[in-house]
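Residues per chain are reported as follows:
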Amino acid sequence: MTLFAFVNGVLLLPDGSQAEDLALIVADGKIASIEPRASLPSGIAIADLQGNRLAPGFIDIQVNGGGGVLFNDAPTVDSIRKIAAAHHRFGTTAFLPTLITDHLGKIQQAYAAVNTAISEGVPGVVGVHIEGPFLNIRRRGIHDASKIARLDEAGLEAVLHSRPALTMMTLAPECVSMDQIRMLKAAGLLLCAGHSEGSYAEISESFACGVMGVTHLFNAMSQLSGREPGVVGAALASEDCWCGIIVDGVHVHPVTLRLAIKSRGSLDRFVLVTDAMPTIGQAEKRFTLNGQEIRVRGGACQNSRGRLAGSDLDMATAVANASTLLGLKLPEAIRLATANPAKMLGLESHIGSLRPGLDADMIEIAADGTVRKTWIKGRLVWDWQAEHASACQEALLTCS
Ligand SMILES: [Zn+2]
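Remember, it's a predicted structure, so these values are computed and weren't measured experimentally.

Take the overall build of the chain next. The helix and strand tally for the chain stands at 11 helices and 23 strands. What you see for the chain is a C-alpha radius of gyration of 21 Å, in line with the 21 Å of a compact globule of 400 residues. In terms of principal-axis extent, the alpha carbons of the chain reach across some 65 × 45 × 40 Å. The buried share of the chain, reckoned over its 400 residues, is 50%. The contacts in the chain between residues at least 6 apart in sequence include a share of 68% that link residues at least 24 apart.

Put into structure tokens, the structure is as follows:
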């Protein structure tokens, strides 16, 4: 049995408290117990946190790419492995590779890749997110208009056949029937409204039929206005609706997000997402999407006309931004990237908090907010120190 204890750090506990005098014991990839250091069994292997924080690993429900790879370009196990590795550096221990609007055949390729990656144990992949193609063309954003489709028999076959156990799907509720929404929900898909121009009435009805949330609140959807609350108003008026938010300071003005959170009076159903693109973990800050060159300018991925194309946001920065831009305390910001998405995905009894019995998916965060180490099921998948040392060695520099 692999057994070791984290000591000498600050544990972020599920109730939001930060404990300095406790040890966390990992046994065979799970959190075995949390107890006073004095009561540790003698001779147990020690992992010294050196005063840093130990938090649950981040969970990201919207990851288009990373490490120079766009999932749409090559929906393969190798792509998922590279994307996962890029995001481990920033504390993500569970994610949904996200396929944006594409041909139906690509959805089946994405499903096959995710199913194989999960069965092969690629660390971090827990399901898939299909963002499109059943979207409203008027709110397509950067999605390819020629690939946006109506949900017909072939479409249903493509999204239901051989789907991974955890499949999230973003659709425009006004572009499909409520019967189709009921059917997709009954088939077990997690449905979110997005790229939608639905009215308050249409979106509210879709919630009653099985849509559980909205994808990137405020972006690519009908806005809250005086006479028509739109998708935004429907989402905020419903206490049950999960709201994915991109906190990069560009997609949505921080004041707008503060007002949204205030209007709910609770953080319970807000979830940080990155909507990350291939630039994450890469020095190269450009890539090609549907034949268009996308560059990072002013911290945002944009095409030549300034239209946003996903983000250059990693989850560690999203958490830091939630603290600095939205005024949240650090444990609250971390909850939006851990316990909340775990609950949204129905995985809260496996991941998302430091609790005995859960997977040992954890991150060590330094005082400056950088992720120093990332563990998935108790296995180290990212080590800042080791990377730093090897980078210095390569450059023939002396590390201090
Ligand atoms: Zn989108």
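For the rest of this paragraph, the subject is the sheet that holds strand 5 (residues 30-36). Strand order in the open sheet formed by 4 strands is 5-4-1-6, and the pairing between neighbours is mixed. Only two strands of the sheet have a single partner each, and these edge strands are strand 5 and strand 6 (45-48). The sheet shows a mean angle of 25° between the axes of neighbouring strands, taken without regard to direction. Where strand 1 (residues 3-7) meets strand 6, 4 bridges bridge the pair, whose relative direction is parallel. Residue pairing in the sheet places F4 in a bridge with A45 of strand 6.

Moving on, we come to the domain arrangement of the chain. Split by domain assignment, the chain resolves into domain 1 (3-55 + 356-392) and domain 2 (57-344). If you average the C-alpha positions of domain 1 and of domain 2, the two centres end up 29 Å apart. Listed as interface residues are 15 residues of domain 1 and, on the opposing side, 15 residues of domain 2. Secondary-structure elements contributing two or more residues to the side of domain 1 that touches domain 2 are strand 21 (362-365), strand 22 (371-376) and strand 23 (379-383). Per-element accounting of the side of domain 1 that touches domain 2 gives the leading share, 3 residues, to strand 22. Split by residue class, the side of domain 1 that touches domain 2 holds 9 nonpolar, 5 polar and 1 charged.

Following both chains from N to C, one finds helix 2 (residues 104-120) and helix 3 (residues 153-160) inclined at 15°, their axes separated by 8 Å at the closest point. In this view, helix 2 runs roughly parallel relative to helix 3, as classed from their interaxial angle. Helix 2 and helix 3 meet at a crossing whose hand is left-handed. Where helix 2 approaches helix 3, its residues L104, I107 and Q108 are matched on the opposing element by A154, G155, A158 and V159. Of the residues assigned to the contact of helix 2 with helix 3, the class counts are 5 nonpolar, 2 polar and no charged.

Put simply, G132 and P133 share a cis peptide bond, and its omega is 15°. Tracing the backbone shows P133 in the loop between strand 12 (128-131) and helix 3. The phi dihedral of D28 is positive, around 50°, even though this residue is not glycine. With respect to the helices, strands and loops of the structure, D28 is situated in the loop between strand 4 (22-27) and strand 5. Phi at F218 is positive, roughly 85°, even though this residue is not glycine. Tracing the chain through its elements places F218 in the loop between strand 15 (211-214) and helix 6 (230-237).

What follows covers the packing of helix 4 (residues 178-186) against helix 5 (residues 200-209). The N-to-C vectors of helix 4 and helix 5 enclose an angle of 35°; their axes lie 9 Å apart at closest approach. The way helix 4 lies across helix 5 gives a crossing that is right-handed. Where helix 4 abuts helix 5, its residues M178, I181, R182 and K185 lie against E205, S206 and C209. Tallied by class, the residues present in the contact of helix 4 with helix 5 amount to 3 nonpolar, 1 polar and 3 charged.

Nonpolar side chains in soluble globular proteins tend to be buried together. Residues L24 and L272 are the most contacted members of the largest nonpolar core, which totals 122 residues. Of all the elements, helix 2 adds the most residues to this core, at 6 residues. Both domain 1 (3-55 + 356-392) and domain 2 (57-344) contribute no fewer than three residues apiece to this core. Sequence-distant contacts of L24, that is, excluding residues within four places in its chain, are made with A5, F6, L11, I31, I34, L54 and L354.

Attention shifts here to the sheet that holds strand 2 (residues 10-12). The sheet built from 6 strands is open, its strands ordered 3-2-7-21-22-23 with mixed pairing. Two strands in the sheet have a free side with no partner beyond their single neighbour: strand 3 (18-19) and strand 23. The sheet contact formed by strand 22 and strand 23 spans 4 bridges and is antiparallel. Among the inter-strand pairings, W375 is bridged to a residue of strand 23, identified as L380.

On to the environment of P133, then. Given 27 C-beta atoms within 10 Å, P133 falls into the buried group. For the pair P133 and L99, spaced 34 residues apart in sequence, the C-alpha to C-alpha distance is 9.4 Å. P133 has contacts with T101, D102, K147, I148 and A149, leaving out every residue within four places of it along the chain.

By the criterion of burial, strand 13 (residues 167-171) is predominantly enclosed, with 5 of the 5 residues buried. Residues T167, M169 and L171 of strand 13 are buried on one face, and the alternating residues M168 and T170, pointing to the opposite face, are buried as well. Sheet topology places strand 12 next to strand 13; 4 bridges connect them, and they run parallel. Within strand 13, the position partnered with V128 by the bridge is T167. Each parallel crossover has a hand, and for strand 12 linked through helix 3 to strand 13 it is right-handed. Handedness of the strand 13-helix 4-strand 14 (residues 190-193) crossover: right-handed.

The rules behind the values
- Residues numbered from 1 in each chain as written.
- Predicted model: local features only at pLDDT ≥ 70, side-chain atom pairs only at ≥ 80, totals over all residues.
- Helix = DSSP H or I, 4+ residues; strand = E, 2+ residues; numbered from the N terminus.
- Rg over C-alpha atoms; globule rule 2.2 N^0.38 Å.
- Buried ≥ 20, exposed ≤ 12 C-beta atoms within 10 Å, placed from the backbone.
- Contact = placed C-beta atoms within 7 Å.
- Pairing = 2+ DSSP bridges.
- Axes fitted to C-alpha atoms, helices over the stretch in contact; angles between N-to-C directions.
- Domains from an automatic or database assignment.
- Nonpolar A, V, L, I, M, F, W, Y, C, P; charged D, E, K, R; others polar.
- Parallel < 35°, antiparallel > 145°, perpendicular 65-115°, else oblique.
- Left-handed = near helix turned anticlockwise from the far one by under 90°.
- Core = buried A, V, L, I, M, F, W, Y, C linked by C-beta atoms within 7 Å.
- Right-handed = clockwise from strand over helix to strand, strands pointing away.

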